[in-house]
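Residue-level listing of the chains:
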Amino acid sequence: MDASVMTAVVAAAALVCRAALLEWREPGAGRRMGAFLTDRRALGAGLVAAVILGAAAWSRAGFAAVAWAGLAGVLVASLTAGMRGPENRG
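Residues numbered from 1 in each chain as written. Predicted model: local features only at pLDDT ≥ 70, side-chain atom pairs only at ≥ 80, totals over all residues. Heavy atoms only, no water.

### What about the overall build of the protein chain?
So, point 1. A count of helices and strands for the protein chain gives four helices and zero strands.
So, point 2. Restricting the contact set of the protein chain to residue pairs at least 6 apart, pairs at least 24 apart contribute 58%.
So, point 3. Accessible surface, the protein chain: about 6500 Å² in total, of which carbon and sulfur atoms supply 68%. (Helix = DSSP H or I, 4+ residues; strand = E, 2+ residues; numbered from the N terminus. Contact = heavy atoms within 4.5 Å. Areas by Shrake-Rupley, 256 points an atom, 1.4 Å probe, with all protein chains shown as cover.)

Shown next as structure tokens:
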């Protein structure tokens with residue numbers, strides 16, 4: 001396995017461990033952290049980011065680009081889930 005792929009896997013594992021620790025300290029916090037998984041707009045934004053990044057870097061880095069693009073897509077989705085459009089602001 002390429003070292004770059006392993007780094008992306010370790011970064012993803014660190015995010016999962018963070019969610020588990022948050023859930024352990026405060027029940028419900030991990031669930032709130034993973035709420036982006038049910039937000040269709042956030043998942044769409046993450047998928048678009050992952051596809052664009054993966055396609056752009058595939059020819060240069062191969063499979064490592066897919067791992068990093070997937071991680072970037074998850075991060076974009078989690079950041080996008082907290083955003084609200086002007087029509088939803090209260």
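Let us keep going from here.
### Considerations on helix H3 (residues 40–61)
So, point 1. Helix length check: H3, at 22 residues, gives a terminal C-alpha distance of 29 Å against a target of 32 Å (1.5 Å per residue), a fit within 8%.
So, point 2. The axis of H3 is deflected most strongly, by about 30°, at Ala55.
So, point 3. Listed as buried for H3 are Ala42, Gly46, Ala49, Ala50 and Gly54.
So, point 4. In the core, the buried residues of H3 are packed alongside helix H4 (63–81).
So, point 5. For H3, the N-terminal capping position is held by Asp39, with its side-chain oxygen 3.2 Å away from the main-chain nitrogen of Arg41. (Expected span 1.5 Å × (residues − 1). Bend = angle between axes of the 7 residues up to and from the residue. Buried < 20%, exposed > 50% of the residue type's maximum accessible area, 1.4 Å probe, protein only. Polar contact = N/O pair within 3.5 Å; in protein donor to acceptor, adjacent residues only side chain to side chain.)

### Observations regarding a nonpolar patch on the surface
So, point 1. Where nonpolar side chains cluster on the molecular surface, the patch consists of Met6, Val9 and Val10 and spans about 260 Å² of accessible area.
So, point 2. Looking at the element boundaries, Val9 is found in helix H1 (residues 3–25). (Patch = residues over 30% accessible without salt bridge, like charges linked within 9 Å, V, L, I, M, F, W, Y side chains within 5 Å. Salt bridge = Lys/Arg side-chain N within 4 Å of Asp/Glu carboxyl O.)

### What about the packing of H3 against H4?
So, point 1. In contact at an axis separation of 7 Å, H3 and H4 are set at 160° when each is read in the N-to-C sense. Considered as vectors, H3 and H4 are oriented roughly antiparallel to each other. Relative to H4, the crossing made by H3 is right-handed. Of the residues in H4, those in contact with Arg41, Ala42, Leu43, Ala45, Gly46, Ala49, Ala50, Leu53, Gly54, Ala57, Trp58 and Ala61 of H3 are Phe63, Ala64, Ala65, Val66, Ala69, Gly70, Ala72, Gly73, Val76, Ala77, Thr80 and Ala81.
So, point 2. Residue composition of the contact of H3 with H4, by class: 18 nonpolar, five polar and one charged. (Axes fitted to C-alpha atoms, helices over the stretch in contact; angles between N-to-C directions. Parallel < 35°, antiparallel > 145°, perpendicular 65-115°, else oblique. Left-handed = near helix turned anticlockwise from the far one by under 90°. Nonpolar A, V, L, I, M, F, W, Y, C, P; charged D, E, K, R; others polar.)

### Comments concerning the packing of H1 against H4
So, point 1. As a packed pair, H1 and H4 sit with axes 8 Å apart at the nearest point and diverge in direction by 20°. Viewed along their axes, H1 and H4 adopt a mutual orientation that is roughly parallel. Handedness of the H1/H4 crossing: left-handed. Contacts from Ser4, Val5, Thr7, Ala8, Ala11, Ala12 and Leu15 of H1 reach H4 at Phe63, Ala64, Ala67, Trp68, Leu71 and Leu75.
So, point 2. Residue composition of the contact of H1 with H4, grouped by class: eleven nonpolar, two polar and no charged.

### Topic: the pattern of salt bridges
So, point 1. Taken as a whole, this structure holds two salt bridges when the rule is applied.
So, point 2. Where Arg31 meets Glu23, a salt bridge forms, and the shortest distance between an N and an O atom there is 3.5 Å.
So, point 3. For Arg31, a relative accessible area of 60% gives the class exposed.
So, point 4. In this structure Glu23 comes out as partly exposed when scored by relative accessible area, which is 25%.
So, point 5. The partner of Arg32 in a salt bridge is Glu26, with the nearest N and O atoms 2.8 Å apart.
So, point 6. Overall, Glu26 belongs to the partly exposed group, its relative accessible area being 43%.

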